[in-house]
There are 2 protein chains.
Amino acid sequence: MPMILAANANAQGSHVGEWRHPDAWERPACNLGNAVRLARIAEAGKFDLLFLADGNGVRNLDKLDLFAATSPSDRPGVFEPVTLLSALAMVTEHIGLVATTTTTYDEPFAVARRFASLDHLSKGRAGWNLVTTSNPGDALNFSHEAHVPRDERYERAAEFAQVVKGLWDSWADDAFPQDKASGRFLDPSRAHALNHQGRHFQVAGPLNAPRPPQGHPVIFSAGQSEIGKELSAATADCVFAIEGTIDNARRLYADLKSRLPRYGRTADSLKVLSGVTIFVGETAAEADALFQELEDLVSPAVGLDYLSKMVGARMADYPLDGQMPAFAEEHVGPTGIGRAIIAMAVAEKLTVRQTYKRILPQMAGNLFKGSAMQVADVMEEWFTTQACDGFMIAAPVVPTGLERFIHLVVPELQRRGLFRLDYEGRTLRENLGLARPENRFSPSVAE
Amino acid sequence: MPMILAANANAQGSHVGEWRHPDAWERPACNLGNAVRLARIAEAGKFDLLFLADGNGVRNLDKLDLFAATSPSDRPGVFEPVTLLSALAMVTEHIGLVATTTTTYDEPFAVARRFASLDHLSKGRAGWNLVTTSNPGDALNFSHEAHVPRDERYERAAEFAQVVKGLWDSWADDAFPQDKASGRFLDPSRAHALNHQGRHFQVAGPLNAPRPPQGHPVIFSAGQSEIGKELSAATADCVFAIEGTIDNARRLYADLKSRLPRYGRTADSLKVLSGVTIFVGETAAEADALFQELEDLVSPAVGLDYLSKMVGARMADYPLDGQMPAFAEEHVGPTGIGRAIIAMAVAEKLTVRQTYKRILPQMAGNLFKGSAMQVADVMEEWFTTQACDGFMIAAPVVPTGLERFIHLVVPELQRRGLFRLDYEGRTLRENLGLARPENRFSPSVAE
Ligand SMILES: Cc1cc2nc3c(=O)[nH]c(=O)nc-3n(C[C@H](O)[C@H](O)[C@H](O)COP(=O)(O)O)c2cc1C
Ligand SMILES: Cc1cc2nc3c(=O)[nH]c(=O)nc-3n(C[C@H](O)[C@H](O)[C@H](O)COP(=O)(O)O)c2cc1C
């Protein structure tokens, strides 16, 4: 199997200073032209898929007094992903289209329909990134008083995914003869009502769409907790991971794959994609220079703002060049990125300024920086030593960062036999090396 | 104002026998190519908009033993409308894109987002057909034991629509300067959290999308009950009506318009579109011949099947050429199409066969049949005597029925000065002659 390459389809770079860079696109909020150009660039680079992250709210708006919502990364002006990818299906031919939808505030019948529809529109290129919603504030947009606790979110998610898959199997692949001569539009014996009766959902079915071209659109997930990883092992085809070191990534990879046999699954039925931001230049110095340019576009106000959001404290109240405070666990919570940042800052004795400079470039995952050879080397090492099956790539500046990666790194990966020369499969599933699921109700005659 | 013309974007004709006609497209279930061609035909004909009806279930599947689900009109194989129209936005430039979404099984934040996104994608051509779901069986796909009673559906719908409109006003039109030089991505003082606290919904906002190009995407509705009409008067920009006679249509038109002043609205702020199926030929005889051809494609089994669904009885148990039974009200319910059919059959002493032959051509509304002149005459009469502001047109056979209408009738309407020669507005709202709503939070400076 070749390495899997996924491109962040949000037509904004991953670096918080990016949108101000001279190379960055003008007016990125809900800009269709940019999204179309980005999709075409990624497809010309033979990427497996475009990925759109999503949330249902503006992050940090409740703290406008404390932190100014001044940046695209608070996501105040974005397309709804399934609508955007439906549009992009019309201007691309091969690349997969993966949209995020939450199981916490949506209905399985509706989600099954939208992704079946996207799969039909794109002739088998749809993927669903199943999330339980990471931004707590989204709850307030769905008549909830507070974020649903994680265990409850994942319990609902597990049942939700089972219902969605069952609905995709509503019709046998050959249930719609549509035969003018005999007047037989469909074959009722090939329809299967699901009649799901569960704790969270009761869904009769069948879905009002023929079985999707891929059987099931490809399911992605990204849980990092124990329960989140278990859901991935039980349900997902691909999982997004973010680990800062190759050793941690290898451990997570082995951990995820080891969970599969319990569900009767083989190791290659779940692909692990590692989130990474890539700064590449003709030389390492060129990559460093771009990195520095972006740093300089981040004013201390914005840097402090971001750090404040991460650790949940008003960092402008602390001296910029003083030591980063060792906030207690009660303050930032027992898990998550806030605690990791503080642990790192304390261990390395970083100042407040050094701390935000360290974290900002890594918001979308790990940082690979250097010449094309250096970047290809580290990608090869991660890929061949089972730290991942591929990468979810965010470019620091869009579109030039992605173009530079395709121009410089992709040919080197191809030369090394690590990446495809052209699309071979017709569907996203085929390109990812994933089998087409049998219909649970109507196994093929070969079975 | 010119007459408004809307085209049914379901790439299947309105006649139940249509799909078997030699002119009809092959394999209509989820066929993107057909949908694209249909959209282009309608846009070449200068239609105001494409309309996609919708439901979340397969109709009559629960009665598979009683009635075979053999026809596309049970909607077993359809695209989800917002995904399809997002795709069609990419292959059209002027025509409006109106999708149906239910308020009964969806969330206002999610609906506001999808239509805002479609409006951004299409540069101001989105419309939302607000329905409360007419197919009772859909309830079983959303963890409900039975259809929600009408009054409750409409109460929820009214609050739902208010929340959606409030969310569309989340940002002033100029809230996103996206200014690279100053680093000012958005202007927090131009954001407005909705903080809606109602009986059915609590929604904080703001929406995570800039204000839609149209301010508010155009809202359609089609309620026929008292409470349904009141919702249209309070909330909608356009209303779909189906009346079998011009006198009834005039009465409904006057009724709807008379409700507007109570909401501080003028008569031209709500457009009434009458649903109609048009059979047109070079001559009246040609139209009649097509009508006959379609009749002949309906076998007695299919005709009885349809009639059975309408009146809720197994009509195959009655003699085909015997008198249509006068089922009691307890049997078919006190309102609705079933009762009207029986009343008509009894009054006109129709046989069972004559009854289904009468109703089948009229499933998508009124029937206008004849030469181009005859059809233009009746459309002119309806339009100029305030029976409607325009028509929601279903072609009996797709695409030829629509092409014939555009070829034969549209030029005649244009000659009479009743219909546009070309698109004049840039948005759907402008083409329909509807004002762009002020932002409730940030009235323009001119106010
Ligand atoms: C690459 C990547 C992409 C993610 N995309 C989203 C997203 O679009 N929306 C979202 O709510 N959460 C997203 N998440 C968060 C995960 O869904 C998950 O909540 C998070 O990794 C914490 O794991 P846990 O839920 O098991 O605690 C993403 C995570 C990763 C690593
Ligand atoms: C032209 C037209 C189109 C309609 N489209 C839909 C639709 O797509 N989905 C739906 O559930 N109901 C649809 N309806 C039904 C109406 O929303 C409404 O339920 C029906 O007219 C009965 O009125 P009432 O709800 O006030 O009783 C449509 C009605 C008309 C006249």
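The structure presented is a predicted model; accordingly, all values stated were derived computationally and were not measured. (Residues numbered from 1 in each chain as written. Chains lettered and ligands numbered in written order. Predicted model: local features only at pLDDT ≥ 70, side-chain atom pairs only at ≥ 80, totals over all residues. Heavy atoms only, no water.)

## Brief notes about the overall build of chain A
Line of reasoning, step 1. When helices and strands are tallied, chain A shows 14 helices and eleven strands.
Line of reasoning, step 2. Against the compact-globule benchmark of 22 Å for 447 residues, chain A has a radius of gyration of 22 Å, which places it among compact chains.
Line of reasoning, step 3. Summarising its shape, the C-alpha atoms of chain A cover approximately 80 × 55 × 40 Å along the three principal directions.
Line of reasoning, step 4. Considering chain A as a whole, with its 447 residues, one finds that 62% of them fall into the buried category.
Line of reasoning, step 5. Within chain A, residue pairs in contact and separated by at least 24 positions form 76% of the contacts whose partners lie at least 6 positions apart.
Line of reasoning, step 6. Carbon and sulfur atoms form 51% of the exposed surface of chain A, whose accessible area is close to 16,700 Å².
Line of reasoning, step 7. Computing the positive centroid from 45 side-chain charges and the negative centroid from 55, chain A places the two 2 Å apart. (Helix = DSSP H or I, 4+ residues; strand = E, 2+ residues; numbered from the N terminus. Rg over C-alpha atoms; globule rule 2.2 N^0.38 Å. Buried < 20%, exposed > 50% of the residue type's maximum accessible area, 1.4 Å probe, protein only. Contact = heavy atoms within 4.5 Å. Areas by Shrake-Rupley, 256 points an atom, 1.4 Å probe, with all protein chains shown as cover. Lys, Arg positive; Asp, Glu negative; His and termini not counted. Charge placed at Lys NZ, Arg CZ, Asp CG, Glu CD.)

## A short note on the pattern of salt bridges
Line of reasoning, step 1. Applying the stated rule across the entire model yields 60 salt bridges over all chains.
Line of reasoning, step 2. When the shortest N-O distance is used, the salt bridge between Glu412(A) and Arg415(A) registers 2.8 Å. Of this pair, Glu412(A) and Arg415(A) are both found in helix α13 (residues 400–415), three residues apart, which corresponds to roughly one turn of the helix.
Line of reasoning, step 3. Arg190(B) is the partner of Asp174(B) in a salt bridge, and the nearest nitrogen-oxygen pair spans 3.1 Å. Remark: Arg190(B) occurs in the loop between α4 (150–168) and β5 (196–197) and Asp174(B) occurs in the loop between α4 and β5; sequence separation between them is 16 residues.
Line of reasoning, step 4. A relative accessible area of 48% means that Asp174(B) is categorised as partly exposed.
Line of reasoning, step 5. Residue classification places Arg190(B) among the partly exposed positions, given a relative accessible area of 26%.
Line of reasoning, step 6. Three or more residues are tied together by salt bridges with common partners; here these are Glu226(A), Lys229(A), Glu230(A), Asp255(A), Arg259(A) and Arg262(A). (Salt bridge = Lys/Arg side-chain N within 4 Å of Asp/Glu carboxyl O.)

## Here we look at the domain arrangement of chain A
Line of reasoning, step 1. When cut into domains, chain A gives domain 1 (4–284 + 363–446) and domain 2 (297–362).
Line of reasoning, step 2. The distance between the C-alpha centroids of domain 1 of chain A and domain 2 of chain A comes to 30 Å. (Domains from an automatic or database assignment.)

## Thoughts on the site of ligand 1
Residues and elements named next belong to chain A.
Line of reasoning, step 1. As a matter of local geometry, ligand 1 sits amid 16 residues, with Asp 54, Arg 150, Tyr 154, Ala 222 and Ser 225 nearest to it.
Line of reasoning, step 2. Within the backbone of Ser 134, an N or O atom sits 2.9 Å from an oxygen atom of ligand 1.
Line of reasoning, step 3. A distance of 2.9 Å separates an oxygen atom of ligand 1 from a polar backbone atom of Gln 224.
Line of reasoning, step 4. The fraction of the free accessible surface of ligand 1 (620 Å²) that becomes covered by protein chains is 83%.
Line of reasoning, step 5. Looking at the shell around ligand 1, the elements that each hand over two or more residues are β4 (126–131) and α4 (150–168). (Near = heavy atom within 4 Å. Polar contact = N/O pair within 3.5 Å; in protein donor to acceptor, adjacent residues only side chain to side chain.)

## Points about the relation of the copies chain B and chain A
Line of reasoning, step 1. Least-squares fitting of chain B to chain A yields an RMSD of 0.1 Å, with the transformation described by 0.0 Å of translation along the axis and a rotation of 180 degrees. Both copies are brought into coincidence by an operation consistent with a two-fold rotation axis. Minimal C-alpha distance to the rotation axis in chain B is attained by Ala87(B), lying at 2.1 Å. (Least-squares fit on C-alpha atoms with pLDDT ≥ 70 in both.)

## A few points about the packing of aromatic side chains
Line of reasoning, step 1. What the rule picks out here adds up to 30 aromatic pairs over all chains.
Line of reasoning, step 2. Between Phe279(A) and Phe291(A), the aromatic rings sit 5.0 Å apart at their centres with planes inclined by 70 degrees, giving edge-to-face as the arrangement. Of this pair, Phe279(A) sits in strand β9 (residues 271–281) while Phe291(A) sits in helix α7 (residues 284–296), and the two are twelve residues apart along the sequence. Here Phe279(A) matches Phe291(A) in class, with each residue buried.
Line of reasoning, step 3. Ring centres of Tyr318(B) and Phe327(B) lie 5.7 Å apart, and the angle between their planes is 90 degrees; this geometry places the pair in the edge-to-face category. (Phe/Tyr/Trp six-rings, centres within 6.5 Å; stacked < 30°, edge-to-face > 60°.)

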